[in-house]
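Structural overview for review
Now for the letters of each chain:
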Amino acid sequence: MMSKTYLALIAFAIGISASNALLCHSCNSEFDPRCGDPFDSFSIGQVNCSYLNPLEHMPGVEPVLCRKTTQKVYGKIRVVRGCGYITDPRDDKECVKRSGTHDVFAWYCACTTDLCNTASSLITFNKVISVIMLLILSILYPKLL
């Protein structure tokens with residue numbers, strides 16, 4: 001019984017620690033080809049968005065999401081991953097494609113959980129962890145659920 005309690009406390013602590021600050025992958029494939037697709041999330045650094053310096057042109061605005069932008073300019077594709085500041089109703093739901101003139105387009109994906117800007121998929125790591133934690137708790141304490 002004691003090991004079940006410890007396991008439940010560990011699962012709870014993991015859930016709380018993951019929610020304290022927003023972590024995003026931060027890179028640009030122009031300078032680091034590993035940032036492009038396919039993306040290996042274990043080889044690229046992470047940034048705690050709450051520790052970033054405030055933006056000069058947006059004083060007082062805090063980063064609230066992670067973003068992945070894929071740009072194609074004159075046939076060259078570049079992927080940029082990082083923190084984002086401005087929300088949109090499509091965040092966590094769908095990616096947005098923008099196109100311009102002269103063979104220019106951009107594909108934007110934004111999400112609001114830790115390290116969610118790994119790919120265009122909107123299934124995030126924290127959602128998977130939440131489901132796993134719920135399954136563990138339902139096995140340990142079947143009468144609670």
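Small disclaimer: the values here were computed from a predicted structure and weren't measured.

**Observations concerning the side chain of His25**
You can see His25 is positioned in strand β1 (residues 23-25). Using a relative accessible area of 1% as the deciding quantity, one classes His25 as buried.

**Some points on the state of the cysteines**
Going through the model one piece at a time under the given rule, you end up with five disulfides. A sulfur-sulfur separation of 1.9 Å characterises the disulfide bridge that pairs Cys24 with Cys66. Note on the Cys24 and Cys66 pair: the S-S dihedral is about -90 degrees, so by sign convention the disulfide is left-handed. With Cys24 in strand β1 and Cys66 in strand β4 (residues 65-73), this residue pair connects regions lying 42 residues apart in the sequence. Just as Cys24 is buried, Cys66 falls in that class too. What pairs with Cys49 in a disulfide is Cys83, and their sulfur atoms sit 1.9 Å apart. On the sign convention where negative is left-handed, the bridge of Cys49 and Cys83, at about -85 degrees about the S-S bond, is left-handed. With Cys49 in the loop between β3 (46-48) and β4 and Cys83 in strand β5 (residues 76-84), this residue pair connects regions lying 34 residues apart in the sequence.

**Here's the deal with a nonpolar patch on the surface**
On the surface, Val73, Tyr74 and Val104 cluster together into a nonpolar patch covering about 280 Å² of accessible area. Considering the arrangement of structural elements, one finds Val73 in strand β4.

**Some words on the layout of surface pockets**
Any space left empty among the atoms is revealed by the rolling of a water-sized probe across them. The volume enclosed by the largest pocket comes to roughly 180 Å³. Forming the walls of the largest pocket are Arg67, Ile86, Asp88, Arg90, Asp91, Glu94, Val96, Arg98, Tyr108, Cys109 and Ala110. Residue assignment for the lining of the largest pocket shows that the elements contributing at least two residues are β6 (96-99) and β7 (104-111). When grouped by side-chain class, the residues that make up the lining of the largest pocket number five nonpolar, no polar and six charged.

**A short note on the pattern of salt bridges**
Under the definition given, this model contains seven salt bridges. With its nearest N and O atoms 2.8 Å apart, the salt bridge here joins Arg34 to Asp32. For Arg34, a relative accessible area of 44% puts it in the partly exposed group. Residues Lys68 and Asp37 are paired through a salt bridge, measuring 2.8 Å at the closest nitrogen-oxygen approach. Of the two residues, Lys68 is situated in strand β4 and Asp37 in the loop between β2 (27-28) and β3; the sequence distance between them amounts to 31 residues. Of the residues examined, Lys68 reaches a relative accessible area of 5% and is grouped as buried. A cluster of three or more residues bridged by salt bridges with shared partners is formed by Glu30, Lys76 and Arg78.

About the cut-offs
- Residues numbered from 1 in each chain as written.
- Predicted model: local features only at pLDDT ≥ 70, side-chain atom pairs only at ≥ 80, totals over all residues.
- Heavy atoms only, no water.
- Helix = DSSP H or I, 4+ residues; strand = E, 2+ residues; numbered from the N terminus.
- Buried < 20%, exposed > 50% of the residue type's maximum accessible area, 1.4 Å probe, protein only.
- Disulfide = S-S within 2.5 Å.
- Patch = residues over 30% accessible without salt bridge, like charges linked within 9 Å, V, L, I, M, F, W, Y side chains within 5 Å.
- Areas by Shrake-Rupley, 256 points an atom, 1.4 Å probe, with all protein chains shown as cover.
- Salt bridge = Lys/Arg side-chain N within 4 Å of Asp/Glu carboxyl O.
- 1 Å grid on protein atoms, 1.4 Å probe; cavity = no way out; pocket = protein on both sides within 12 Å on 5 of 7 lines; lining within 4 Å.
- Points joined across faces, edges and corners; volume = space filled by probe spheres on them.
- Nonpolar A, V, L, I, M, F, W, Y, C, P; charged D, E, K, R; others polar.

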